[in-house]
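# Coordinate inspection notes
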Amino acid sequence: MSYTHRLVPPRLRGTFELVLGLLMIPLSLVPIGLYLTKTPEGYLMYLRGRYALAAPATPGLDRADRAYAAAAFRRLPVDGVPVLVYHGIGRTWETGPDRPFVVSRAHFAAQMRTLQDAGFHAIDSADLVRFIRTGDRSLLPRRPVLITFDDGRTDAMLEATPILRATHLSASMFVTGADASSASIYYANWSELNRYADDGIWQLENQTYDLHRMVDDVKGVAPISELVRLQPHEQLAHYRARIAADIDRNARAIAAHGGGVSTAFSYPFGDWGQHARAPGVVEALRQVLRPRVQIAFDEDHQSGWRFAMPGDDLLHVHRLEMRDWTATEFIARLQAAARLSQTTYRERGLDVQIPRSTLVAAAVTASCAPSSSEPVSSVATHAKVVAFSFNGGLSPYTPQILDVLAANRAHGTFFVLGQTVPERSPVLERMLASGDEIANGMWTGRHPAALTQAEIELELKRTNAEVQSVVPFRPCLTRPPYNEDRARITRIARRLDMTTALWSIDPHDQSLTDPAVIARRVLRKITPGAIVLLHDGGSRRWATVQALPRILAALQQRGYRVVTVSELLTRSWSTSQAAGR
Amino acid sequence: MNSTTAGDPSKFQPFDEAVRGVPESLRNSLFFRVATRAVQFSCIVYAAFLIYWVWLAKDFTTVLLLHDPVFYTYSILVTGYVCLRFLLAPLYRPTPDVGYRPQVSIVIPAFNEEGAIEQTIEAILASLYPPEKLDVVVVDDGSTDSTWDRMLAAQERNPSVVCVRFDKNRGKRAAMAEGIRRATAEICAFVDSDSVLEPDALARIVADFGDPRVGAVVGHADVLNKTSNWLTRMQQVRYYVAFRVIKGSESLFGAVTCASGCFSAYRRDALLAILDKFENQHFLGRQSTFGDDRALTNYVLRNWRVMYQSRAISHTIVPEHLRQFGRQQLRWKKSWLRESIHVSRFIWRKHPLAAAMTYAGVLFPWVAPAVLVHSLYFRALGNGSPLFYLMGAYVMAVLYSLYYAVVRKSPLWWHGVTFVAIYMAFLVWQTYYALLTIRNTSWGTRASTHGGGGGVVTVVGPAVLPPEPLL
């Protein structure tokens, strides 16, 4: 027991005691030091203490990286809004392939500096919702970005706050109420969240109150996210009520802790029901979310990730999972997405903004076919006039076809599937403005034989309504998909004051890959008053897009005018009127 | 304080820990003084650093309060209690010695102390106190060794000493009571046979009796064998904090609840009134044997002020072996149990802060084991980890020890951490064990504790007075 007595000669005992006592001053700090630096919870304590004393400096990029970032988007437009998602921010040794959800502090700072130097400005979810709903770019900064954090982690808030402040950016934090109320040091608690929300850098958003859990409830089956799990014997109605109560509870909690009204929702683990075990969960979840949140984020399509833009499903906006990337890696990732977004942006017709006045004027001059109780497949005329009709759109090919038509001073008639309109509504505006005709291709393009009369009527009405919600024009033509059930659809269309327009030339372009074959088949059969069927959607339509210029050039050479179906019908009507007179 | 004979006080010499390891030539040098100040200052900075982290951790506990109300209410109350003690302690100022020298009788109960008794008597008589105002009453509680002969030898050299002998062992309380009755002076002082007084201790301890409301004063006790091993070093730190902080803060309100037996003084008037009750104290149907110091204090405290005098220093020998230490602590725990009930009955009449501190001190040891289990076991399985709690305890232990380092400038300081570790691992649990075995009143160190009343009393001394009539 008396170690000093055994080991130290008597005359040195006092000195030994003194030296030991002095040594113990630093030595007694060792456990505290180890706790504060080596344990995860201790490190969070350290960060709180350290950052409360003085905000840490945010390192800038070196000169080469700054120049690279500044030049990265000078020629590459940022079409849409990049939405990024982070989880945790840690120390370098806490990152790695086995910890994909931790970004090192240094790299997070580099990424934020990159955004700053590349001229990005942070927007919030409400801004993004407005942009997606209205398509109005003028509401956004030139290079917008939406930075989000999932899970409400303490490390993320502690580390990100000073960096965001230094780079003049802001972010949304998706909070799980149960974690914020818990005793866990790893999640920011409500009083901290309240403070963060007050200083203007953070926007608090909803990530369910207590459904951010993976549940391993069935042996031998992969764990499932609690949000999309039905409890044993649970009916969908009960499921909806349960989820709705949970999300409402979190929204109330956020509001009660200074977070205001949360507009956005994040699917825990990015699962919106794609891994649900029961059918109907996806739709049930959508029904719950639709009235409660304005936008919901997932992490789908990581490899093909692009910026959020009008036409996106507001309940499925994809975010980029941020990894421990350097500034250069981050720029490369953003540039790839920017190129992809540029294409999509154009495909959705978003690159051309058409003033409302132009649309109204175009609607006034747009011709509409006189109604006919019989389906029309061609017009008897001697004038060299033909019409081209397109089925299956809207699609990414539609704007390209519009380009080709415009270049050849031709006009087409597009039998639009109502369900494709929300994603690409600006294309309709373009159609109307350029004098092409919008026609009703029904809502889904399903085989009409499988539909009841009421369903057919609903599909027609719904499509018209969708078109009218975008442009001041009501389609007056329709066409039975697959040319099936013609009589019934004609009857219903007639009641809706619409004419059924069929075709006289069908080159079967949807099953062809050679543009030359399509062109040959069309040109061989062309006669005055013919209606040609082509497809702008439904499959890969690049062959049609390439065939069309050849066809139009050849027709021009032969002296044909290419007009819309309505115009063609009007011409025949006036001809027959004239003949009858 | 219960006496536990662990050695002969004559073998030890009191020394100043702060300079022990420093060569004599250096002790008065400027370098040494500056170095001491520098170390002291760094300890203060260190403590400030720790307090900063504790303050930050508080942020959690406020949230956790909702999460785990029982546990965190406890932790907040305990923190408040400890802070209150440490904040009040610096306000304590020892009553200055203004030359007040009343007649003092020193009562020494002895049982089988042949090795130490002569030394003890001689040491007391060598005190810096007017000899005509000082007399000594030694009571041999029926020792089976040569204690009585040693007492007589001492009496021969110093005729003023009164020696009293029981023919059989009647217990420490009886010996004390007998001594009190034989004493004639205004002030009765008790010194354990294993304690050594500083030469000026007597003069210092009587200073507080200048206030007529004061019924008892306890001196400061240092550990005499403090460098024997880690156990005694640890007890030195613990004694210092227990006296300086706990008794010091209680003394502000004149409400010290335990005037340790090592060295304490009572107004004889206060004692005579309660002597009979004290001698025949029963608890749960058994005659109370140990915890005489605490019992006596509480009897006096009811109607008088009880003070702590930091300048009246005694040096006492503490257990050097764990087993011995454990038995001593168990005895203390038992007497604490008994006396908590006693003190709770009247302490509310004293200053509210003193009452609050006392009630908190009574309550917390009961809750502490449950909290410890809760923290280490339930937290470990639940959301958090016990590390947070363990680190909190460690930081508090270091703060506790740093207090000693700063105030005493002693290299022994870090043994305070050992004490907290021993306390958490071992002493905390004793409360319940003490409760279970409370009816077992055997002393654990003494061969025999009480042989009942009656019997022959032999008295040798200058003025053989009849015992005071029982009041």
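Predicted, not measured: the structure shown is a model, and the values here were computed from it. (Residues numbered from 1 in each chain as written. Chains lettered and ligands numbered in written order. Predicted model: local features only at pLDDT ≥ 70, side-chain atom pairs only at ≥ 80, totals over all residues.)

## Digging into the overall build of chain B
If you tally the helices and strands in chain B, you get 14 helices and 11 strands. Counting only contacts in chain B whose residues sit at least 6 apart along the sequence, the fraction spanning at least 24 positions is 83%. (Helix = DSSP H or I, 4+ residues; strand = E, 2+ residues; numbered from the N terminus. Contact = placed C-beta atoms within 7 Å.)

## Observations concerning the overall build of chain A
Across its full length, chain A holds 21 helices and 20 strands. Relative to the globule expectation of 25 Å for 581 residues, the C-alpha radius of gyration of chain A, 32 Å, shows a markedly less compact shape. Oriented by its inertia axes, the alpha-carbon framework of chain A measures out at about 135 × 60 × 45 Å. Within chain A, buried positions represent 46% of all 581 residues. Considering only intrachain contacts with a sequence separation of at least 6, the fraction spanning at least 24 residues in chain A is 78%. (Rg over C-alpha atoms; globule rule 2.2 N^0.38 Å. Buried ≥ 20, exposed ≤ 12 C-beta atoms within 10 Å, placed from the backbone.)

## Focus: the interface of chain A and chain B
At the interface, 26 residues of chain A touch 36 residues of chain B. Broken down by secondary-structure element, the contributors of at least two residues to the side of chain A that touches chain B are α2 (13-27), α3 (29-38) and α4 (40-53) of chain A. Per element, the largest residue contribution to the side of chain A that touches chain B is nine residues, and it comes from α2(A). Its residues assigned to classes, the side of chain A that touches chain B comprises 12 nonpolar, 11 polar and three charged. (Nonpolar A, V, L, I, M, F, W, Y, C, P; charged D, E, K, R; others polar.)

## Comments concerning the sheet that holds strand β2 (residues 134-140) of chain B
Residue and element names in this part refer to chain B. Strand order in the open sheet formed by nine strands is β5-β10-β6-β7-β4-β1-β2-β3-β11, and the pairing between neighbours is mixed. Looking at the sheet topology across the chains shown, the edges are occupied by β5 (195-197) and β11 (457-460). Averaged over all adjacent pairs, the angle separating strand axes in this sheet is 25°, with direction ignored. This element, helix α4 (residues 117-125), spans β1 (104-110), β2, β4 (187-191) and β5 of the sheet and lies at about 165° to β2. (Pairing = 2+ DSSP bridges. Axes fitted to C-alpha atoms, helices over the stretch in contact; angles between N-to-C directions.)

## Section: the nonpolar core
Ranked by size, the top nonpolar core spans 116 residues in total, and within it Val138(B), Ala189(B), Ala216(B) and Val300(B) carry the most contacts. Dropping the residues within four chain positions of it, Val138(B) is found in contact with Ile108(B), Ala110(B), Ile121(B), Met151(B), Val161(B), Cys163(B) and Val164(B). Counting 85 residues, the second-largest nonpolar core is a separate cluster that includes Val145(A), Ala160(A), Tyr196(A) and Leu320(A). (Core = buried A, V, L, I, M, F, W, Y, C linked by C-beta atoms within 7 Å.)

## Concerning the packing of helix α15 (residues 398-407) of chain A against helix α16 (residues 421-433) of chain A
Residue and element names in this part refer to chain A. Where α15 contacts α16, the two axes come as close as 10 Å, and the packing angle between them is 15°. Regarding the angle of α15 to α16, the classification is roughly parallel. For the pair α15 and α16, the sense of crossing is left-handed. Here Thr398, Pro399 and Leu402 of α15 come into contact with α16, specifically with Val427, Arg430 and Met431. Each residue belonging to the contact of α15 with α16 can be placed in one class, and the counts come to four nonpolar, one polar and one charged. (Parallel < 35°, antiparallel > 145°, perpendicular 65-115°, else oblique. Left-handed = near helix turned anticlockwise from the far one by under 90°.)

## Let's talk about unusual backbone geometry
Residue and element names in this part refer to chain A. Phi angles above zero are rare outside glycine, and Asp151 is one such case at about 85°. Position of Asp151 relative to the elements: it lies in the loop between β5 (144-150) and α8 (154-166). The phi dihedral of His301 falls on the positive side, at around 55°, and the residue is not glycine. Positionally, His301 belongs in the loop between β11 (295-298) and β12 (317-318).

## Observations regarding the pairing of β4(B)
All names here are of chain B. The buried count for β4 comes to five of five residues, which makes it a mostly enclosed element. When β1 meets β4, the two strands line up parallel, connected through four bridges. If you follow Val104 over to β4, its bridge partner there is Ile187. In this structure, β4 lies alongside strand β7 (residues 263-267), joined through five bridges in antiparallel fashion. Pairing of Phe190 across the sheet is with Ser264, part of β7.

## Notes on the environment of Gln342(A)
Residue and element names in this part refer to chain A. With respect to the element layout, Gln342 can be found in helix α13 (residues 327-347). Given 18 C-beta atoms within a 10 Å radius, Gln342 is considered partly exposed. Counting along the chain gives 262 residues from Gln342 to Gly80, while the straight-line C-alpha distance between them is 8.4 Å. Not counting chain neighbours up to four residues away, the residues in contact with Gln342 comprise Pro77 and Asp79.

## Looking at helix α8 (residues 230-251) of chain B
Residues separated by three or four positions in an α-helix point in the same direction, a consequence of the helix having 3.6 residues per turn. All names here are of chain B. The end-to-end C-alpha separation of α8 is 30 Å, in line with the 32 Å expected for 22 residues at 1.5 Å each. Along its length, α8 shows its largest kink, about 25°, at Ala242. Within α8, 20 of the 22 residues are buried, which leaves the element mostly enclosed by the surrounding structure. (Expected span 1.5 Å × (residues − 1). Bend = angle between axes of the 7 residues up to and from the residue.)

## Observations concerning the confidence of the model for chain B
Residues and elements named next belong to chain B. On average, residues of chain B score 84 in pLDDT, and 89% of them are at 70 or above. Considering each helix and strand of chain B separately, the mean pLDDT is smallest for β11, with a value of 74, and largest for strand β6 (residues 214-223), with 94. Contacts of residues 1-6 to residues separated by more than four positions or lying in other chains number 28 contacts, the stretch itself having pLDDT below 50. Scored below 50 in pLDDT, residues 447-452 makes 16 contacts in the model with residues more than four places away or belonging to other chains. Interface predicted TM-score (ipTM) for the complex: 0.85; the corresponding pTM is 0.79. (pLDDT = per-residue confidence, 0-100.)

## Comments concerning helix α10 (residues 190-198) of chain A
All names here are of chain A. Looking only at α10, the buried set comprises Trp190, Leu193 and Tyr196. With its buried residues spanning 120° around the axis, α10 presents them on a single face. The inward-facing, buried residues of α10 contact α8, β6 (171-175), α9 (177-181) and β7 (202-206). Phi turns positive one or two residues past the end of α10, at Gly200, with a value near 85°. (Arc of directions from axis to C-beta.)

## Let's talk about the environment of Gln116(A)
Residue and element names in this part refer to chain A. Tracing the sequence through the fold places Gln116 in helix α6 (residues 105-117). Judged by local crowding, Gln116 falls into the buried class, with 21 C-beta atoms found within 10 Å. Distance in space between the C-alpha atoms of Gln116 and Ala69 is 8.7 Å, their sequence separation being 47 residues. Apart from the residues lying within four places of it in its own chain, the contact partners of Gln116 are Thr167, His168 and Leu169.

## Things to note about the packing of helix α17 (residues 453-470) of chain A against helix α18 (residues 486-495) of chain A
What describes two packed helices is the angle between their axes and the distance between those same axes. Residues and elements named next belong to chain A. Two numbers describe how α17 lies on α18: the axes approach to 10 Å, and their chain directions differ by 55°. With respect to α18, the element α17 is oriented oblique. When the axes of α17 and α18 are compared, the crossing they make is right-handed. Of α18, the residues touching α17 (which contributes Gln453, Ile456, Glu457 and Leu460) are Arg488, Ile489, Ile492 and Ala493. The class makeup of the residues in the contact of α17 with α18 is five nonpolar, one polar and two charged.

## Comments concerning the pairing of β2(B)
All names here are of chain B. Of all the seven residues making up β2, six are buried; the element is thus mostly covered by neighbouring parts of the structure. The sheet contact formed by β1 and β2 spans seven bridges and is parallel. Paired with Ser105 across the bridge in β2 is Asp135. You can see the chain leave β1, run along α4 and come back into β2, and the turn it takes is right-handed. Pairing geometry for β2 and strand β3 (residues 162-166), over four bridges, is parallel. (Right-handed = clockwise from strand over helix to strand, strands pointing away.)

## Side note on the confidence of the model for chain A
Residues and elements named next belong to chain A. Confidence in the prediction for chain A averages 87 pLDDT; 97% of positions are at 70 or higher. For chain A, the element scoring lowest by mean pLDDT is helix α21 (residues 565-580), at 62; strand β1 (residues 83-86) scores highest, at 96. Long-range and interchain partners of residues 575-581, a stretch whose pLDDT sits below 50, account for one contact in this model, where long-range means more than four residues apart.

## Examining the environment of Val164(B)
Residue and element names in this part refer to chain B. Looking at where Val164 falls in the secondary structure, it is placed in strand β3. Val164 gets classed as buried once you count the C-beta atoms within 10 Å, which come to 26. Sequence spacing of Val164 and Thr418 is 254 residues, and the spatial spacing of their C-alpha atoms is 42 Å. Once you skip the residues sitting within four places of it in the chain, Val164 turns out to touch Val137, Val138, Val139, Asp140, Glu178, Gly179, Arg182, Val457 and Val459.

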